[in-house]
Amino acid sequence: MKAITLLGSTGSIGTQTLDIVSEHPDKFRIVGLAAGRNVDLFAAQIRQFRPQIAAISAAEKLPELKEAIKDLNPQPILLAGEAGVIEVARYGDAQTVVTGIVGCAGLLPTIAAIEAGKDIALANKETLIAGAPVVLPLVKKHGVKLLPADSEHSAIFQCLQGVPKDGLRKILLTASGGAFRDWPVEKLAEVKVADALKHPNWSMGRKITVDSATLMNKGLEVIEAHYLFGVDYDNIEIVIHPQSIIHSLIELQDTSVLAQLGWPDMRLPLLYALSWPERIYTNWERLNLVKSGDLTFREPDHQKYPCMQLAYAAGRAGGSMPAVLNAANEQVVALFLEEKIQFLDIPKCIEFVCDRHQHDNKQNPSLDDILAADKWARQEVFTATEKLATQPQIISVG
Ligand SMILES: NC(=O)c1ccc[n+]([C@@H]2O[C@H](COP(=O)([O-])OP(=O)(O)OC[C@H]3O[C@@H](n4cnc5c(N)ncnc54)[C@H](OP(=O)(O)O)[C@@H]3O)[C@@H](O)[C@H]2O)c1
Ligand SMILES: C[C@](O)(CO)[C@H](O)COP(=O)(O)O
Ligand SMILES: [Mn+2]
């Protein structure tokens, strides 16, 4: 039985992971849980899965959480704040930590888990995009596994099983095209938050759903693939595949192409990150290619979606630039979700911030360098929004 700690248990990734644990109580058990601020759901999860340790990031919610589970016996170790989440990440005999926290908030807990010798089922892509210069050496030093849970990177990982190291030529990342894939570009000026949250194929958290709509999610995934699989940016391509049935493909040196297919259901990549190298029987709906209909493909539109090229440029720049891109994106998406900026301002602000980091980009950054770059980028977004308000021509993307 595999012992698991789950970070971000109350979110989309977290609840789907707990669905898997519920379905396979003979295969998985929960050691620790961590959440942000959803006390009611978190209390219910603690009651159901009885972790040894639990932490809620929002410290002010701890009294409410204690009250909600005061009848449990035995009581879990209950902690709060970022330090509490980090303690959960490193705690006990968990073999695998599932990283379902959204954003770079997942970086320090993930590092703690790695340093405690735990394998990582990586859903939180921001951790790797921002922190790879520190995370990857730690993974190697501590001899832990970094198992992709993101659907595309799971597909690539699945296709790579049995492929010799020098056998891989290209990675083909599929993209649904997001909420506006069928909107004319001139209509993007009218986008509302509710429009951006209507993903055509997947049900996910708010931030990643907006990232799918800007195609920044795919840009981030290009960087994620580079770090996970060591492939040059010139050999990572994006293809729009509206049906999200093919979850990505690899092209081999002999031109053979391998793909992984399935319904758009995150439980499958999550399950494989937990069961690898084994395969576990499920009674989930099997793929029916006749029922799934036509599988179509088209080129990505880089004029309509500049975020992809911003991500390629940041990835190629390396150093602390991916951390700056990621933090700027997290900040502008938060402002967009608060209706403080427009959808089309998102790439403009990100480009402004990345341009301002070029001369300060630190190669081989330390953890402190990455955290400083993250903090600086979030602040610099506000400089960008001020420029947008007063001198919109200053910022032009594409
Ligand atoms: N959703 C997907 O299908 C999917 C697919 C691939 C990759 N991912 C990646 O997985 C990660 C999570 O995505 P999601 O869609 O599950 O997001 P989500 O639904 O917004 O859930 C985020 C989770 O993180 C928790 N959280 C937020 N800030 C925290 C903090 N400072 N400390 C501890 N916990 C915190 C939230 O807690 P509360 O809700 O209690 O506040 C929630 O449990 C992201 O990095 C995303 O890119 C998601
Ligand atoms: C589910 C998913 O893996 C989240 O990263 C997928 O990538 C989302 O779809 P899209 O292709 O980015 O729109
Ligand atoms: Mn993905």
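Just so you know, these numbers come straight off a predicted model, no measurement behind them.

## What to know about the pattern of salt bridges
Then, number 1: Taken as a whole and assessed by the stated rule, the structure comprises 26 salt bridges.
Then, number 2: Glu126 is the salt-bridge partner of Lys207, the closest N and O atoms lying 2.8 Å from each other. With Lys207 in helix α9 (residues 206-214) and Glu126 in helix α6 (residues 125-142), this residue pair connects regions lying 81 residues apart in the sequence. One exposure class covers both Lys207 and Glu126, and it is buried.
Then, number 3: Ionic pairing is found between Arg356 and Glu380, a salt bridge with its closest N-O pair at 3.1 Å. One end of the pair, Arg356, is in helix α15 (residues 345-357); the other, Glu380, is in helix α16 (residues 367-390), and 24 residues separate them in sequence.
Then, number 4: With relative accessibility at 10%, the residue Glu380 sits in the buried group.
Then, number 5: Beyond isolated ion pairs, a larger network of salt bridges with shared partners links Lys125, Asp150, Glu152, Lys218 and Glu221.

## Concerning the sheet that holds strand β5 (residues 96-99)
Then, number 1: The seven strands are arranged β4-β3-β2-β1-β5-β6-β7 in an open sheet whose pairing can be described as parallel. Each edge of the open sheet carries a strand with a single partner, namely β4 (77-80) and β7 (146-148). Geometrically, the sheet is characterised by an average inter-axis angle of 20 degrees between neighbouring strands, direction not taken into account.
Then, number 2: Along the sheet face, helix α4 (residues 81-90) touches β1 (2-7), β2 (28-35), β3 (53-56), β4 and β5 and points at about 150 degrees away from the line of β3.

## Observations concerning the site of ligand 1
Then, number 1: Neighbouring ligand 1 are 24 residues; Thr10, Ile13, Asn38, Glu126 and Gly205 lie closest to it.
Then, number 2: Contact between ligand 1 and Thr10: an oxygen atom at 2.7 Å from a side-chain N or O atom of the residue.
Then, number 3: At a separation of 2.9 Å, an oxygen atom of ligand 1 approaches a polar backbone atom of Ser12.
Then, number 4: When ligand 1 is considered free in solution it has 900 Å² of accessible area, and contact with the protein chains removes 84% of it.
Then, number 5: Those elements giving two or more residues to the shell around ligand 1 turn out to be α1 (12-23) and α6.
Then, number 6: Looking at the shell around ligand 1 residue by residue, the classes come out as nine nonpolar, 11 polar and four charged.

## Some thoughts on the side chain of Lys170
Then, number 1: Turning to its location among the elements, Lys170 is positioned in strand β8 (residues 168-175).
Then, number 2: You can call Lys170 buried: its relative accessible area is 17%.
Then, number 3: Polar contacts involving the side chain of Lys170 include one to the side chain of Glu237, which spans 3.1 Å.
Then, number 4: Beyond its immediate chain neighbours, meaning those up to four positions away, Lys170 contacts Asp234, Asn235, Glu237, Leu249, Ile250 and Glu251.

## Describing the UniProt feature "domain: 1-deoxy-D-xylulose 5-phosphate reductoisomerase N-terminal" (unreviewed entry) in the protein chain
Then, number 1: In this structure's numbering, the residues bearing the UniProt feature "domain: 1-deoxy-D-xylulose 5-phosphate reductoisomerase N-terminal" (unreviewed entry) are residues 4-131.
Then, number 2: End-to-end, the C-alpha atoms of residues 4-131 are 23 Å apart, and along that stretch the chain is 44% helix and 22% strand.

## A closer look at the environment of Asp195
Then, number 1: Structurally, the position occupied by Asp195 is in helix α8 (residues 193-196).
Then, number 2: What makes Asp195 buried here is its relative accessible area of 17%.
Then, number 3: In this structure the C-alpha to C-alpha distance between Asp195 and Ala179, which are 16 residues apart in sequence, comes to 7.0 Å.
Then, number 4: Separated by 2.8 Å, the side chain of Asp195 and the backbone nitrogen of Lys192 make a polar contact.

## Here we look at the coordination of the manganese ion (ligand 3)
Then, number 1: Taken together, Asp150 (OD), Glu152 (OE) and Glu221 (OE) make up the protein donors of the manganese ion (ligand 3), found 2.0 to 2.2 Å from the metal.
Then, number 2: Of note is the manganese ion (ligand 3), whose six donor atoms meet at the metal with angles of 74 to 173 degrees in an arrangement that counts as octahedral.
Then, number 3: If you list the donors of the manganese ion (ligand 3) from N- to C-terminus, the spacing comes out as D-x1-E-x68-E. With respect to class, Asp150 is no different from Glu152; both count as buried.

## Some details on the UniProt feature "binding site: NADPH" (unreviewed entry) in the protein chain
Then, number 1: The positions that UniProt labels "binding site: NADPH" (unreviewed entry) are, in the present scheme, Thr10, Gly11, Ser12, Ile13, Gly36, Arg37, Asn38, Asn124, Glu126 and Gly205.
Then, number 2: For Gly11, the position within the fold is in the loop between β1 and α1.
Then, number 3: Note on Gly11: relative accessible area 27%, which makes it partly exposed.
Then, number 4: With respect to the secondary-structure elements, Gly205 resides in the loop between α8 and α9.

## Points about the sheet that holds β8
Then, number 1: Strands sit in the order β9-β8-β10-β11 across an open sheet of four strands; the sheet is mixed. Single-partner strands in this sheet number two, and they are β9 (236-240) and β11 (257-261). Direction aside, the axes of adjacent strands within the sheet are offset by 20 degrees on average.
Then, number 2: The pairing of strand β10 (residues 246-252) with β11 spans four bridges and is antiparallel. Considered in β11, the bridge of Glu251 is made with Val257.
Then, number 3: Across the face of the sheet, helix α7 (residues 151-160) comes into contact with β8, β10 and β11 while running at roughly 40 degrees to β10.

The rules we used
- Residues numbered from 1 in each chain as written.
- Chains lettered and ligands numbered in written order.
- Predicted model: local features only at pLDDT ≥ 70, side-chain atom pairs only at ≥ 80, totals over all residues.
- Heavy atoms only, no water.
- Salt bridge = Lys/Arg side-chain N within 4 Å of Asp/Glu carboxyl O.
- Helix = DSSP H or I, 4+ residues; strand = E, 2+ residues; numbered from the N terminus.
- Buried < 20%, exposed > 50% of the residue type's maximum accessible area, 1.4 Å probe, protein only.
- Pairing = 2+ DSSP bridges.
- Axes fitted to C-alpha atoms, helices over the stretch in contact; angles between N-to-C directions.
- Contact = heavy atoms within 4.5 Å.
- Near = heavy atom within 4 Å.
- Polar contact = N/O pair within 3.5 Å; in protein donor to acceptor, adjacent residues only side chain to side chain.
- Areas by Shrake-Rupley, 256 points an atom, 1.4 Å probe, with all protein chains shown as cover.
- Nonpolar A, V, L, I, M, F, W, Y, C, P; charged D, E, K, R; others polar.
- UniProt positions renumbered as here; feature names shortened; annotations may be inferred.
- Donors = N, O, S within 2.8 Å, 3.2 Å for Na, K, Ca; no water.
- Tetrahedral: all angles 85-135°; square planar, octahedral: opposite > 155°, others 65-115°.

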